[in-house]
Amino acid sequence: MKKVLIIGAGVSGLTTAHCLAEAGHKVLVLSKEFSPNITSNVAGALWEWPPAVCGYHSDLVSLERSKEWCMTSYDKFYQLAKEKGTGVYIKEAFFFFRSLVNDDDFQLKKMNEIRDNTKGFSHDASFIEKEGINPNIGLVDAYRYEAPMVDTDTYMKWIMEQVLSLGVEVVQGEINLELASIEKELKEKYNCDYIINCSGLGSIKLANDEMHPLRGALVRIKNNGVKFPILDKAYCVSFDQKTQEQNIVFIVPRGEDRVILGALAEEDEWDKNINLENYEPIREMFRRCKEFLPILKDVELDEKEPVRVGLRPLRKGNVRLDWEGDYSSIIHNYGHGGSGVTFSWGCAEEVVAMIANRVHHEKKLSESLTDSERIM
């Protein structure tokens, strides 16, 4: 058993804590903020094959690794959807396109990978008509598959309860210095063998990394069958990499009685004080979703929280999941962009494997030195 300090209590931090505790390690989570006041609660939390609809995934090495992470999470979420109180659901997710998928090498490759790795896949342009999508907005192709959808409010409470039940200690605190410069002091202060950095945008300081916020916003509407039939499917149109236009459509059921509409992907924007009243791009996003799916014309807003705004942790090299250095005890697990939920279980399991491999290597090295000492 090793003692591990995890910095950050978002979905990445708590999932990593869960997996490490299950593996028999003693875990302490340190975080400045906790749910519901964190980005993880704002997340769209629709499981997606990378890159996600918000785009901005440019590093090919990270993209290949992320496909493994997302499949680990896919299988885990399927299990969790069978349990009450997790906030995880399995629903049909439809993706629509402005050009034929078969004519776009990138989209065709992605679709074939989705077909081979998910349940319930079907490629059929007639979904546009069958699902009641507006036929006059230039969409010409579509496919669907079964996908986990996570009610983040319920899920973040559930996973916190899980880590506490596994004996994980959770404390509030803040670190503002580069971890590599205070590694020894942190290990002494928190009596730990390893430090896992799951701080998201906090890694600008903690890892001295070049990161940026990718601001997102979601409009929350009632899903009670009054203004439109109960919506139990997700509908998405991806970020247009060619035009870079803000034309994403993201319509996803949230729990039992809400639907979220989005989304924005605004790089280098830190201000979260935006809403339907003071920010035209949110109003345009709302209009775009209603134009896409006409049954949403007369939706009722969630009066308690009509809009949520969050900052995705965007990194040039995308996800960083590696050791600080060959002889460091720090593992970095951050930069998930808009895919923190999708990658969470896969990344957490890799952290467990990294520590297990390090422990095994150190044990072998110790045994080798002991044998040498016997010979001498």
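Residues numbered from 1 in each chain as written. Predicted model: local features only at pLDDT ≥ 70, side-chain atom pairs only at ≥ 80, totals over all residues. Heavy atoms only, no water.

The protein has the name Amino acid oxidase in an unreviewed UniProt entry, where Flavobacterium hydatis is given as its organism. The heading Cofactor (unreviewed entry) in the UniProt record of the protein holds the text "FAD". (UniProt positions renumbered as here; feature names shortened; annotations may be inferred.)

Q: Pulling in residues and values, what's your account of the packing of aromatic side chains?
A: What the rule picks out here adds up to 17 aromatic pairs. Seen in terms of ring centroids, F97 and Y143 are 5.1 Å apart; in terms of plane orientation they differ by 40°. Their pairing is tilted. One end of the pair, F97, is in strand β3 (residues 88-97); the other, Y143, is in strand β5 (residues 141-150), with 46 residues separating them in the sequence. What makes F97 buried here is its relative accessible area of 8%. Seen in terms of ring centroids, Y194 and W323 are 5.9 Å apart; in terms of plane orientation they differ by 55°. Their pairing is tilted. One end of the pair, Y194, is in strand β7 (residues 194-197); the other, W323, is in strand β14 (residues 320-323), and 129 residues separate them in sequence. Taken together, the aromatic side chains of W47, Y74, Y78, F95, F97, F121, Y143 and Y145 make up a single cluster linked through ring pairs. (Phe/Tyr/Trp six-rings, centres within 6.5 Å; stacked < 30°, edge-to-face > 60°. Helix = DSSP H or I, 4+ residues; strand = E, 2+ residues; numbered from the N terminus. Buried < 20%, exposed > 50% of the residue type's maximum accessible area, 1.4 Å probe, protein only.)

Q: Go over the side chain of S329, please, and point to the residues and values.
A: As for its placement among the helices and strands, S329 is situated in the loop between β14 and β15 (330-334). We classify S329 as buried; its relative accessible area is 5%. Side-chain polar atoms of S329 contact the side chain of E183, separated by 2.5 Å. Setting aside chain neighbours within four positions, we find S329 in contact with E183, K187, D193, Y194, I195 and W323. (Polar contact = N/O pair within 3.5 Å; in protein donor to acceptor, adjacent residues only side chain to side chain. Contact = heavy atoms within 4.5 Å.)

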